[in-house]
Number of protein chains: 6
Amino acid sequence: MVQSKEEVLIEVLPYIQKYEGKTFVVKYGGAAQTEQELKTTFAKDVTILKKIGINIIIVHGGGKEITETAYKLGIETQFVNGHRYTDRRMVDVVKMVLAGKINKEIVALINQNDGDAVGISGVDDNLFIAEKHLEEGADIGLVGTITRVNTALIGMFLSNKLMPVIAPFGVGTDGTIYNVNADLAAAAVATAVKAEKLVYLSDVEGVMAGGSLVSTLTESDSRKLLDDGVITGGMIPKINSAFSTLHAGVNKVHMIDGRRKHSLLLEIFTDEGIGTELVR
Amino acid sequence: MVQSKEEVLIEVLPYIQKYEGKTFVVKYGGAAQTEQELKTTFAKDVTILKKIGINIIIVHGGGKEITETAYKLGIETQFVNGHRYTDRRMVDVVKMVLAGKINKEIVALINQNDGDAVGISGVDDNLFIAEKHLEEGADIGLVGTITRVNTALIGMFLSNKLMPVIAPFGVGTDGTIYNVNADLAAAAVATAVKAEKLVYLSDVEGVMAGGSLVSTLTESDSRKLLDDGVITGGMIPKINSAFSTLHAGVNKVHMIDGRRKHSLLLEIFTDEGIGTELVR
Amino acid sequence: MVQSKEEVLIEVLPYIQKYEGKTFVVKYGGAAQTEQELKTTFAKDVTILKKIGINIIIVHGGGKEITETAYKLGIETQFVNGHRYTDRRMVDVVKMVLAGKINKEIVALINQNDGDAVGISGVDDNLFIAEKHLEEGADIGLVGTITRVNTALIGMFLSNKLMPVIAPFGVGTDGTIYNVNADLAAAAVATAVKAEKLVYLSDVEGVMAGGSLVSTLTESDSRKLLDDGVITGGMIPKINSAFSTLHAGVNKVHMIDGRRKHSLLLEIFTDEGIGTELVR
Amino acid sequence: MVQSKEEVLIEVLPYIQKYEGKTFVVKYGGAAQTEQELKTTFAKDVTILKKIGINIIIVHGGGKEITETAYKLGIETQFVNGHRYTDRRMVDVVKMVLAGKINKEIVALINQNDGDAVGISGVDDNLFIAEKHLEEGADIGLVGTITRVNTALIGMFLSNKLMPVIAPFGVGTDGTIYNVNADLAAAAVATAVKAEKLVYLSDVEGVMAGGSLVSTLTESDSRKLLDDGVITGGMIPKINSAFSTLHAGVNKVHMIDGRRKHSLLLEIFTDEGIGTELVR
Amino acid sequence: MVQSKEEVLIEVLPYIQKYEGKTFVVKYGGAAQTEQELKTTFAKDVTILKKIGINIIIVHGGGKEITETAYKLGIETQFVNGHRYTDRRMVDVVKMVLAGKINKEIVALINQNDGDAVGISGVDDNLFIAEKHLEEGADIGLVGTITRVNTALIGMFLSNKLMPVIAPFGVGTDGTIYNVNADLAAAAVATAVKAEKLVYLSDVEGVMAGGSLVSTLTESDSRKLLDDGVITGGMIPKINSAFSTLHAGVNKVHMIDGRRKHSLLLEIFTDEGIGTELVR
Amino acid sequence: MVQSKEEVLIEVLPYIQKYEGKTFVVKYGGAAQTEQELKTTFAKDVTILKKIGINIIIVHGGGKEITETAYKLGIETQFVNGHRYTDRRMVDVVKMVLAGKINKEIVALINQNDGDAVGISGVDDNLFIAEKHLEEGADIGLVGTITRVNTALIGMFLSNKLMPVIAPFGVGTDGTIYNVNADLAAAAVATAVKAEKLVYLSDVEGVMAGGSLVSTLTESDSRKLLDDGVITGGMIPKINSAFSTLHAGVNKVHMIDGRRKHSLLLEIFTDEGIGTELVR
């Protein structure tokens, strides 16, 4: 539909009314985080959401770059039950790639658009207290599970109108640094701050069933799709953590296609949304 | 140009960056204040500007309705040198029409759009201290000139995220209520709060010269147009007060066409703007 | 009793101790609102109460002036079961007379005495959300019942040491403006802000029974007087709303004679008080 | 003049308007501090002044009781040029009588009237930093001159709506405690907090000249009266410090008769005042 | 053990981490309050505890000096069941010695060490509301029991980084001043502010049993020692009030030897502590 | 000298008095940043300084690790006039090593000691705005000079009792990330926040002249030592920026030996200090 600029603004007014003052946690990953044009439009998207009064918290991933940098440094990558086997050298790569390279690039790009981003990680002011993840039948090394989120630190940034961009690794009470899953970290943050929405930006259209996109997924539907083997692979823990998050008080979880320009704005500023919306 | 909703939002981002936290005073009058559709779009326009972080202060007029209501009440209207001759009975009509009827209608319409408006007048917490306007060669009655604006009251509303909508009459130090010119009241407010912009919404395209719209008017140009008799009538005091306002620290004064839908948004969210921009 | 000025001040000290920091809602009406000398003394009375630390909220009436102005504008007034039949034209008169004329006169007079009053109405920041009053067997038009009071707005004024003066009409969630009963509006405000006292200033000495004033009226006594037909007319809803208010947490309701000079001070600064005190 | 209670209240309104938010320093001494009835009325007077919004700071004396208690403890009192000769044992008596006995009695009496008094002395949070007073031709021991007043401490009490009652002794930077003159201490406090008024309550009607009271005393008049030997004795340093105080920004200094009941209220709530008013 | 300065600092770090932001009430008495060197080291000790972030509240005694000064003033001292018989003249001595002499000396000494102390008593802002202590079979005069502690006043001092030093007497609701037991006053304060620790500094090593020091005393042990007559004299009420305090939420009560230099620091900065620790 | 723990604490009291509330910027580098024991003692040292009320800001280096990691990734390191030649790939290494590896390790170690550290870099909330450093006769790539420091961000951390740990790279107004010299970054921060002290921890005893340590170095002395070629190499820019910093309002600059355990505490808690103190 052809619309003038002013008509568009008026059309988004009800969404602004609905969401101002609310908090959204965005898991940022996939193509949206690696392709130049999508990176730029993402930076603009989160900035505009912040400008209209939404509190934005970003948790980013970075698995591919970790593998690449590890390879360049002569460290072989192994996955055990979907977890990256993480020894001390790999933890250093995780820190370097996530908190050093990717986090700072995201922050710089958002700040160029006036988004007032600050990049932190799970060790800063003990943001993510973690403990060793015990995987049955295998030692996966320094992979951790988040047990506590320092919401005071996040609250300080939000109340100072700053946008926290979080590199997902955690710290044990003994100072050990653990690699943590970015999807689960985003869910932990959303739960801890009682976010209005948790949005996963990745390289899929959403949850697919029988070749077509599921617009809305209830918990009982998802159980069925899991049982029937329709939902598989990396989507399984994502779906499971999404429903835990919903049970913990987050209002909605969305899985949207980060390969599409401005998918975040489309999700938020249209009634129909895009991708899959998960509801209890 | 055809644009998708998300492209429009991205396009307005630089304007949001430019104006957030700034204060705009809008003199609201003419058709924009009397025609139903324009009233509604105006209410939406000021609400969206407030939502993106601009402090909006509205000063409204209401001359025609004052004359009509006076007539119905059997009070004849006389103009002396462009000023409404104002006796005690006319002051009552001014208060009733401005602070009672028009002000509350504007407030109700903005609040329906979630704009958090509060209607006040120059007597509330002595917002406008005024003194009798002395017109050479004529007694025009209870017409006043604003000598002091209570910026603390306006500041309280703005810091509480409320939008003040002001009925333009003032009060003397002895409690006498004076009719004041709405254009001059808007200029007095803009000056007192050191507004970024003062925008006049009225039933003209802007300042016209030789049949065409003047996009940008400098003070020296305006002197010439006044001397040449190109600018005439009610535009004269408007132009004069505009330049006083600019001298007093307001950054820009705009005269835009309130008969055009969303003219306020068009002015603010386009580089070229609309109407006439007055600069020092 | 003859007293020196300083003795009087000392005598009022215990009352100041008792009431400072408390909130009083005053329903202002009758002669106190129309006779010049009483208007002036009322303005001084509320100002002195504010100066010694009492939070004053005024809700005013204006029925007679509405009828007069409507008549002048050629609109006939009808009462149905004690309610003013209110069509769109009458709503405009209500707004003009209450929020335009009376409200601003009260505000100006209080401010001349340094009382820092601000006049608002039920539409400002949605102070009074109302719905259509359904009267059995009759359509009385745009008469409303208050369903929600915006206490945040009132709190803002009080914490900024401003005295809110409220014109009693409300707004529906669809933006319709409703005429509301001033006595009930005062009771709604007192209930919402959990006032210490609600004081009705009107043209009667108080509640009368058998030709003499009832000093203190309990709920059971009032039931009896209502059943016996001793309390009649406009006093009935006043009494009923008074007891609802007491049930809702207001400490005391007073009905005092506004025709007597300084009746408000007399009520507050003497042990015996004046008029009728209603207690649970 | 016979006045009703409510008329009196209305009459004091302009004085309340004039003084609310201002700070008065009261030097409290003489009969007002020793006779039971006057003590009680003084406690009520300062409380009512506080209740109507005036910041009250009391500096009290206690010379006679110091002499009496010293005598009972077998310590002889000597005066040198009007200064009490103060050795270590006398300093202990000064502390005991001023900060222990008198200060706490004043505080208790004011608090019984709900005046929220807190008694402190010059050593508390180093309120009065003092240095040894060097008297020409004589060693008068531990008598000090105030060189710095800790206005932050006083400000903390006032902003917490507490009334500081100050025992006048000071402390050197080496911890030595010095006896200081109460009149000068009151003047030092008034100067440091930029008080609106400094009021001396003592056992004289005011400044007398030729047998009659001087209502208003200018600095030039006072020079003359001093030169002519009309002003003598303890009044000399009082007058001198009063004018220094006026030069330092205090608006008015009053000397009033503490033997008269409610003299403080009479001074403040009448146009003519009582006693002597000193002006630059 | 020989330690360098920096090693000591590092060694105390865990104690700082443990106690910063916590509140300690110190009952200050005995030799620590009378011998010059111990007075100085105590002033330094409380200052350093304050500097590292512990909120310190001091309640001091002064029984011996009261008896001495009373004697010098010709007032005989009598003890009834361990309580000082207190008539009006004795109350004056109590006020003078506690609030005048001792309190101000402590304050001055702490302030010389930059500890920002302010001396107050139970009458200041009604800090200790007390009632007459009724002793069975005897009238002991103006001896009181604390019934309410004004924690707001204490909170004001602590939040302004000031150290309150409290002279232990109280005030009745009728203004009567009562002598109160300093140990019980300290316990009342500790209970009211929910202190982390209450520390009694006195002239004993701690609780002794069979000639040796009891390091840790549980409530059941103490019952036994009381029943067996091992604990006697002034230690009995101290022990009883200590356990009441622990029941009321204070975490630990310590009885330590004030005759030992820096005993307060030793107790707090060593794992083993000194003296007796009382636990529930 | 042998000292008991409590004597040491008392001895440091004057230093605490002197420095509490002040801000120290510590340039952290050399062995102190690479040897395990020194890393741990440094983490304890800054924590204890923070606990006693000093605001600590850390700027760290990391040159050697950058070179090593670059080498492992197949990137050759070149130095031009002492500047690291920095192309895009090297910038990535700088970000990874500084903000990813080193910064997070320092933060984790301090937080294990309860120091509440948060690691940030120059791109976070545009902390360091930089521009390309133009080196005469050579292009050294993406090496930048800091032109503006965002003190608001630092202030937010300090007022929230958090310790900022800063990775020294900056961002241009166009989003380009620049490698910046850590010594100069520390000086820029100290200047911007008007620090009390700027302390350089490195692998030298201090400024050496003729084989012995210079305890205090004035600007004129330093000019002479520079002219005589006594001060050479990397010490030259350090000395120059130190004096610029002193001119800009920082009180003192210290160069101390990070190879010595607790050198930071020794410098601060002894009168003689260690290393070289630079004064104007």
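Residues numbered from 1 in each chain as written. Chains lettered and ligands numbered in written order. Predicted model: local features only at pLDDT ≥ 70, side-chain atom pairs only at ≥ 80, totals over all residues. Heavy atoms only, no water.

Can you help me understand the relation of the copies chain C and chain B in this one?
There are two copies of the chain, and a rotation about an axis plus a shift along that axis relates them. Rotating chain C by 180 degrees and moving it 0.0 Å along the rotation axis overlays it on chain B with an RMSD of 0.0 Å. These values place the two chain copies in the arrangement generated by a two-fold rotation axis. A symmetric contact is evident, with 100% of the interface residues of chain C recurring at the interface of chain B. (Least-squares fit on C-alpha atoms with pLDDT ≥ 70 in both. Contact = heavy atoms within 4.5 Å.)

Got a minute to help me understand the relation of the copies chain A and chain F in this structure?
Between chain A and chain F, which share one sequence, the superposing operator has a rotation angle of 180 degrees and an axial displacement of 0.0 Å; the RMSD is 0.0 Å. The residues that chain A uses at the interface reappear at the interface of chain F in 100% of cases, marking a shared surface.

Help me out: how do you make sense of the packing of aromatic side chains in this one?
Here the distance between the centres and the angle between the planes together describe a pair of aromatic rings. The tally for this structure, following the rule as stated, stands at 21 aromatic pairs over all chains. Seen from their ring centres, Y15 of chain E and F269 of chain E are 6.1 Å apart, and the 80 degrees between their planes marks the pair as edge-to-face. With Y15 of chain E in helix α1 (residues 5-19) and F269 of chain E in helix α10 (residues 263-269), the pair connects residues that are 254 residues apart, well separated along the chain. Judged by its relative accessible area of 11%, Y15 of chain E is buried. By relative accessible area, which is 2% here, F269 of chain E ends up buried. Measuring from ring centre to ring centre gives 5.2 Å for Y19 of chain F and F24 of chain F, while their planes differ by 80 degrees; the resulting arrangement is edge-to-face. (Phe/Tyr/Trp six-rings, centres within 6.5 Å; stacked < 30°, edge-to-face > 60°. Helix = DSSP H or I, 4+ residues; strand = E, 2+ residues; numbered from the N terminus. Buried < 20%, exposed > 50% of the residue type's maximum accessible area, 1.4 Å probe, protein only.)

Just to check I follow, could you spell out the sheet that holds strand β15 (residues 252-257) of chain A for this structure?
Pairing between the strands of a sheet comes from backbone hydrogen bonds, and it takes one of two forms, parallel or antiparallel. Residue and element names in this part refer to chain A. With respect to topology, 8 strands assemble into an open sheet ordered β5-β8-β2-β1-β11-β15-β16-β14, the strand pairing being mixed. In this open sheet, the two strands that pair with only one neighbour each are β5 (117-121) and β14 (216-218). Each adjacent strand pair in this sheet contributes to an overall mean axis angle of 20 degrees, direction not counted. Sheet topology note: the β5/strand β8 (residues 163-167) ladder contains 5 bridges and is parallel. Directly across from I120, in β8, lies its bridge partner I166. Helix-sheet contacts for helix α8 (residues 235-247) involve β11 (197-202), β14, β15 and β16 (276-279), and the interaxial angle to β15 is about 150 degrees. (Pairing = 2+ DSSP bridges. Axes fitted to C-alpha atoms, helices over the stretch in contact; angles between N-to-C directions.)

Would you take a moment to explain the sheet that holds strand β5 (residues 117-121) of chain D for this structure?
Residue and element names in this part refer to chain D. Strand order in the open sheet formed by 8 strands is β5-β8-β2-β1-β11-β15-β16-β14, with mixed pairing between adjacent strands. With partners counted over all chains shown, the strands left at the sheet margins are β5 and β14 (216-218), one partner each. On average, adjacent strands in this sheet sit at an angle of 20 degrees to one another, irrespective of strand direction. Pairing analysis gives 2 bridges linking strand β2 (residues 55-60) to strand β8 (residues 163-167), with the strands arranged parallel. Residue pairing for β8: V59 is matched across the bridge by I166. The strands touched by helix α3 (residues 36-51) are β1 (23-28), β2, β8 and β11 (197-202); relative to β2, the strand with the most contacts, the crossing angle is about 150 degrees.

Can you help me understand the side chain of H254 of chain F in this one?
With respect to the helices, strands and loops of the structure, H254 of chain F is situated in strand β15 (residues 252-257). H254 of chain F has contacts with K197, L198, V199, Y200, E267, T276 and E277 of chain F, leaving out every residue within four places of it along the chain.

Teacher, can you tell me more about the interface of chain A and chain F here?
How big an interface is tends to be stated in terms of accessible area lost as the parts join. Taken together, the contact between chain A and chain F spans 36 residues of the former and 36 residues of the latter. Applying the counting rule to chain A against chain F returns 4 salt bridges. With a closest N to O distance of 3.1 Å, E105 of chain F and K95 of chain A form a salt bridge. The interface formed by chain A and chain F contains 12 residue pairs in polar contact (both at pLDDT 80 or more). Of all the secondary structure elements, the ones that give two or more residues to the side of chain A that touches chain F are α3 (63-72), α4 (88-112), β5 and α5 (151-159) of chain A. Examining the composition of the side of chain A that touches chain F, we find that 13 residues originate from one element, α4 of chain A, more than from any other. (Salt bridge = Lys/Arg side-chain N within 4 Å of Asp/Glu carboxyl O. Polar contact = N/O pair within 3.5 Å; in protein donor to acceptor, adjacent residues only side chain to side chain.)

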